[in-house]
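Now for the letters of each chain:
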Amino acid sequence: MHYPSTNRPARKLHRFHGGLHLPDNKAQSNGRPVEPAALPKQLTIPLQQHIGEVAHPLVSVGDRVLKGQMIARAQGYISAPVHASSSGTVIEIGEQPVPHPSGLSSPCIVIETDGLDEWVELPEPVVHFAQLDPSELRERIRNAGIVGMGGAAFPTSVKVTPGPETWIKTLVLNGAECEPFITCDDMLMREQADRVLAGVAILQHLLEPEQTLIGIEDNKPEAIAAMNAALETGGLSNTEVVPIPTLYPSGGEKQLIRILTGKEVPSHGIPAQIGIVCHNVGTAAAIADAVLENKPLISRYVTIAGEGIKEPRNLEVLIGTPASSLIGQAGGYTDAASKLILGGPMMGFTLHTDNVPITKAANCLLAASEAESPNPGPASPCIRCGQCAAACPARLLPQQMYWYAKAKDLEKAQEYNLFDCIECGCCSHVCPSHIPLVQYFRFAKMESWAREQEKRKSEHARKRHEARVARLERLEAERKARLSKKKAGLKKKTAAKKAGGEAKDPKKAAIEAAMKRAAEKKAKLAEEGVAPKNVEELTEAQQKQIDQADKRRAEAAEDTKQATQEPEDA
Amino acid sequence: MQFQTLTSPHTERPNSISITMLWVTIALVPGIAAMLWYFGWGILVSILLAVVTAIGCEALAMKLRGRPALPAISDLSAVVTALLFAIAVPPLLPWWLTVLGMAFAILLVKHMYGGIGYNPFNPAMAAYVLLLISYPTDMISWLPPDMLNEHPLTLGQVLSIKFAGIYPQGLGIDALTMATPLDEMRTQLDLNQTLSEIKQSPLWGNFGGRGWECVGNWYLLGGLILLYKRIISWHIPVAMLGAMLVLATFFHVLDQDAFPTGMFHIFTGATLLGAFFIATDPVTASTTKKGQLIYGAGIGAIVYVIRTWGGYPDAVAFAVLLMNLAAPTIDYYTQPQVFGHRSGSNE
Amino acid sequence: MFIAIIALSLLALGFGLLLGYSSIRFHVEGDPIVDKIDALLPQTQCGQCGHPGCRPYAESIAAGEDEINRCPPGGEATMIALADLLGKDPVPMDDEASVEKPKATAVIDEKECIGCTLCIQACPVDAILGAAKQMHTVIMDECTGCELCLPPCPVECISMVPVKVDTGNWKWPYPDGAETNEVTEATAG
C-alpha cells in the first residue's frame, strides 16, 4: 500500500536486515475513539516505572494527596519522580504486584481516590517556551517524571541532555508502532497530532537538530494524514513525516534510525554518538504537557486488544489504574481469553493476573486467545536452517548463539555478539523447531550481567581480605617490634644494673608502690564485699579474653616504663 | 483471573520441521514421477522399501536412546532421507542393499551423532557412498530410460529381481541395464573419442542423457517450489550450478572435443537433484549467506573435478560429504557483520 | 655417513637456536598461575575448601595438591572455569560442595548481641562493624556469605538470611523444558 502524503519527493529510505511481515491486527482496536478510563477506587503507583534508581517516597500513609502532586522524588541522575494521578488518601506504601515478567511485587504507593480529582496548584501555563532557558525546560521535563513511553521507560530528562560535546543533527520521532495489535500511538497521532508536534517543537528548541523526521509505518494512513495536516498549520521548520514500509521491528530505535537515515547506531553505543536522538510520539506529547501546562506524566493512552476482549479499544488511563478495571471498561473478557500480555505479542510479557497497575511504559493490554497466541509446544532440536539468521534485524547468528547459551557458555555467546540482540523475537517466531531462542538470549544476558557483577564483588572482597591480612600482619609486626625492643631494653637494664650496683631505680620503686597501693585497695574492697560484677560464670573464651586483656595491659605498662626509662639510660 | 505465563514472542509460529520436510517431499514429487515414467516400477519399490526401513530405524534409534519415537517420526526427516537415497540408487538395487543403506544412514550417520540437527554428514549421501564403495557393481547398474529400453519390466518382474534376485527368462542383469550417460561419456572419452563422435549415440538428448535431462528439469521445478516457499535460499544451488557452469565452460572453450559443455554437466547425473535437495540439507550445510555461497561453489567444483579427472562418473555424494566436513569452518570465517559493528559507516 | 651426521647435527643446532630465540623473543609475560586461579575463585574466604582463604586454595591448586572441585560458593561454574584455565577435565563437585546453597548474607540479631567482637575478628573481609560491648552490625554490601562469623558467636545471634529476589535482581530463567529439549512426547510439528 502506498499513501502519498505530500508533494515532496519521497525521501530515500534504507533497509535493515531481516524483519518480519506480521498480520498487524490493528483494526481490532483503532476503530473507536479514545475515551478517558473511569477513575478507579484505588490507584497503585509503583515507585519504579523507569530504568534507573527507585524513586523515594515523599508522602506517608494517611496523607491526602492531590492530582499531579509529586509523591516520590527521583534519586540520582538516571531516575524519575512519580506523581499522584488523582486526588485521595495514601493508604499504603509497600510491596504490591507490579507488571513485571517475574510476577514479583515491588514498592508502590496506594492511593484511595476521593472522586474529586482535585488538581494540585499548578504554576502558570507557559505560552512562549522558547523564551525559557533550556535548563529550565529540562528541569520541567525531569520534574514531570517523563520516561520513554514506547516501552523502554528510560528517563527522558537524560535523553534531552545530550552533553556539551554532542551535536544532534537529526531528531527522530518514533511513531512506527510496529508491534501487532498496539494502536495507542496511532490513536494519539490521529487525535492529538497538535500536542505531539508541540512536544516536537520543544525538543527542537532543546536539541537544535538540523532536521526532524517523524517515522510512521504505512499501515497507519490516518495517523500520517493527521500528522501532515498538523504539520502544515504547525509551522515547524525542517520537519517531515516519513511513511515507512510496514516491517517488524521497524519501530526498534536502532532499526528506525537505520531506515530513516541509513546510519547504524554503534554496538554498545547510543544514537547521540552519531548525532541522532529518538523519542516516542507519546513522550513528545507528555513533554508538551509538562512544559506548556506544567502537568506531570500521570496518564497515557493504552490499547486494550485481543480476541479475549469483548470491545477492544484505546483508553486514556491514569497511571496506577488496575488492568482489571480497564478490561472491565472494554467489555470484559470473552471466553477465548487465554493469555494476558502487557505490550505486544512479539516483545510483551505475560501477566499471571490482571491485578497489576498500568505504568508509564505500559502501552497495551493484550488478552490473546489460544488461536492468536498458541502455545508453541516443546522445542525440537535445531536443524540449522538459518531462518533465524535470515530474520534477525541485527544480522546476528541466533543458531550459533543458541548453542552456546544452551550450554551456558556465556563467553562464547558474547563472542557471537549476544549483547547486540534487541530481543525482538523474530528468530523465535520463524524457528521451525519452536526453540525459545529469545528466552535463551535473555537468560544468557542476565546471567552474564550477574556473573560480571559477582566478579566485581569477589574482586572487591579479595581486596578487602588482602587489606585485612596486611593490617593484621602490620599489627603483628608492630607487636613483635615492641617485644624485641622491650627485650633489648631489659638486657640493657640488667647490664646497667650489674654495672651500677644495687642502686634502686626510682621509677621502679614508684611502680612497686603503686601496685602495692592497688593490691591494698583491692583487698580492702574485697573485705567490704565489693568485687567486679561480671567475672562470674565466664566462658572459657571470655576468661581467655580477660587474661589476654590483662596481659596487654601489663605489656603496655612495661612499654611506658621503658619509654620513660630510656632517656636515662642513654 | 489467573492466566498462563509464557515467554515472548506470543505469536502463532508459521514454521515447523514437519512442514519444512513435507514441502521438501512435495517438491520431490515431480522428479520422482518423471523417474517412474522413465525407469519404471523399480523406483517406486525402492522408495517404499527405503521409507519403511527409515521409519523403522528411526523408531528403533529413538527407543534405544530412551526417547519417544512418535515426534521423531512425525517430523518427516527420515522420510526425506529415504526419498533422497531411494532416487539416487539404481532402480533394480537388491532389497537388502536398500535396507542396509537406510540402517546405516539413520542408525549410524544420524543417531550416533545425536539425531536430527546434530549429524555432521548428510545421511542419504553417506549411505550412498558406503554402498558405492562396498558394492560398486550393484550401484552402477542403471536401467536405460524408457525410450531406450528394449525390455520394459513389469511390477512382478521388478519385485522378483529386487527381492529374490530372479531375473526374467533369458535376461541377465547385463541385458537389462546399461551405462549411465555420465559413465558412457567417461568411457568414450577415455577411448579418445571426440565429443561430436560420442554425441552420435542415441543415448544423448539436447544437453545431457536422453530421459535424464527431463528428470533434471522436474527436479529443477521442485527446486523452484522450495525457493518459492522459502524452504531453501538461492545461495547454495546458484553457487553450486554457477561453479560447475563456469568450470565446464572454461574447459569446454579450451578443448571442445574433450570437455562436455556446462549444460551437459547440469542436466546429467544428480546435479540438479543435488543442487536443490541434497546440498541444501540445512543440518549439514553452511548456515551463513556468504558461507553458503562458498559451500555451494565448493560442491560444484568438486563434482566437476571428480567427474572430469576422478575415478567416479558422478560425484555429488562425495562432493557434499567433503563440503559437510568444511561447513563448520566456513561458518566460522563467514560470520555476517553485526548491526552497529560496521566501521566507518557512520561518517 | 659423516656428512649425514654433521648435516643432522647442524640442522638440530639450527632448530635449537631458532626455538631458543623464539622462546625469548615471543616470551609472554603472563600472570602467574596462582593469580589467575585466585581471580576465578569467589573470594568469600570461607575456608570450606579446607584452606584458610581463597588464595591458599589457589596456591594449593597451582601446586597440584588439591582438586578443583572443592569450592562450594563457586559451585560448578567455578569448577568448570578452573578446568578450562588449567586444561583439566571437569570433575564432579566434592560431596560437601555438591549442594549449591542460595546466596545469603549474615544478619546479627541486634537485641541479642553482647558486643564480644569475636565475629569481627572472624570476618575475613571486615564486613562487621562494632566495638567491645557495643552492638555489632553487618555491612550487607560487603558480606560474602562465608558463614565464618557463625561459630565464634557465643550467643548465636548471627543468622544467614538468603538474598531476597526482587524486580531489581531477578533473572530470566533458563528456558522451560530445556532438559526435554531434544524432542519430547508432544508432536514436534
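Residues numbered from 1 in each chain as written. Chains lettered and ligands numbered in written order. Predicted model: local features only at pLDDT ≥ 70, side-chain atom pairs only at ≥ 80, totals over all residues.

A.B. asks: Just to check I follow, could you spell out the overall build of chain C for this structure?
C.D. replies: When its secondary structure is counted, chain C shows five helices and four strands. Reading the secondary structure of chain C in the N-to-C direction produces α-α-α-α-β-α-β-β-β. With 189 residues in all, chain C has 28% of them scored as buried. The contacts in chain C between residues at least 6 apart in sequence include a share of 57% that link residues at least 24 apart. (Helix = DSSP H or I, 4+ residues; strand = E, 2+ residues; numbered from the N terminus. Buried ≥ 20, exposed ≤ 12 C-beta atoms within 10 Å, placed from the backbone. Contact = placed C-beta atoms within 7 Å.)

A.B. asks: Can you help me understand helix H4 (residues 193-207) of chain A in this one?
C.D. replies: Quick reminder: α-helices carry 3.6 residues per turn. Residues three or four places apart thus point the same way. Residues and elements named next belong to chain A. Taking 1.5 Å of rise per residue, 15 residues should cover 21 Å, and H4 covers 21 Å from first to last C-alpha, within 8% of that figure. Across the 15 residues that make up H4, a large majority, 12, are buried. Of all the positions in H4, only Ala 193, Arg 195, Val 196, Leu 197, Ala 198, Gly 199, Val 200, Ala 201, Ile 202, Leu 203, Leu 206 and Leu 207 are classed as buried. The first or second residue beyond H4 is Glu 208, which carries a positive phi of 50°. (Expected span 1.5 Å × (residues − 1).)

A.B. asks: What exactly am I supposed to notice about the UniProt feature "transmembrane region" (unreviewed entry) in chain B here?
C.D. replies: Residue and element names in this part refer to chain B. Residues annotated in UniProt with the feature "transmembrane region" (unreviewed entry) correspond here to residues 21-39, 45-62, 69-89, 234-253, 259-280 and 292-309. Taken end to end, residues 69-89 is 81% helix and 0% strand, and its first and last C-alpha atoms sit 27 Å apart. With 59% helix and 0% strand, the stretch residues 259-280 has end C-alpha atoms that lie 28 Å from each other. (UniProt positions renumbered as here; feature names shortened; annotations may be inferred.)

A.B. asks: Help me understand the sheet that holds strand E5 (residues 70-73) of chain A in this model?
C.D. replies: The strands making up a sheet associate through hydrogen bonds between their backbones, and the pairing can be parallel or antiparallel. All names here are of chain A. Strand order across the open sheet formed by three strands is E3-E5-E6, with antiparallel pairing between neighbours. Edge positions in the sheet fall to strand E3 (56-57) and strand E6 (82-83), since each of these pairs with one other strand and no more. Here two bridges tie E5 to E6, and the two strands are oriented antiparallel to one another. Directly across from Ala 72, in E6, lies its bridge partner Val 82. (Pairing = 2+ DSSP bridges.)

A.B. asks: Please clarify how the domain arrangement of chain B should be interpreted in this entry.
C.D. replies: A common way to report how large an interface is uses the accessible area buried once the components associate. Residues and elements named next belong to chain B. Along its sequence, chain B is organised into domain 1 (16-177) and domain 2 (185-331). The distance between the C-alpha centroids of domain 1 and domain 2 comes to 21 Å. Taken together, the contacts link 26 residues of domain 1 with 28 residues of domain 2. Breaking the side of domain 1 that touches domain 2 down by element, the ones donating at least two residues are helix H1 (17-39), helix H4 (77-88) and helix H6 (123-134). By residue number, the principal contributor to the side of domain 1 that touches domain 2 is H1, which donates 10 residues. Class assignment of the residues belonging to the side of domain 1 that touches domain 2 gives a composition of 20 nonpolar, five polar and one charged. (Domains from an automatic or database assignment. Nonpolar A, V, L, I, M, F, W, Y, C, P; charged D, E, K, R; others polar.)

A.B. asks: How should I be thinking about the UniProt feature "binding site: [4Fe-4S] cluster 1" (unreviewed entry) in chain C in this particular structure?
C.D. replies: Residues and elements named next belong to chain C. The feature "binding site: [4Fe-4S] cluster 1" (unreviewed entry), as annotated in UniProt, sits at Cys 46, Cys 49, Cys 54 and Cys 71 in this numbering. These annotated residues cover 26 residues of sequence, and their C-alpha atoms lie no more than 9.2 Å from one another, placing them together at a single site. Here Cys 46 shows up in the loop between helix H2 (33-40) and helix H3 (54-62). On the basis of neighbour counts, which here come to 19 C-beta atoms within 10 Å, the residue Cys 46 falls in the partly exposed class. With residues near it in sequence (within four places) discarded, Cys 46 still touches Pro 73, Cys 146, Glu 147 and Leu 148. Classification of Cys 71 by C-beta neighbours within 10 Å gives buried; the count is 27.

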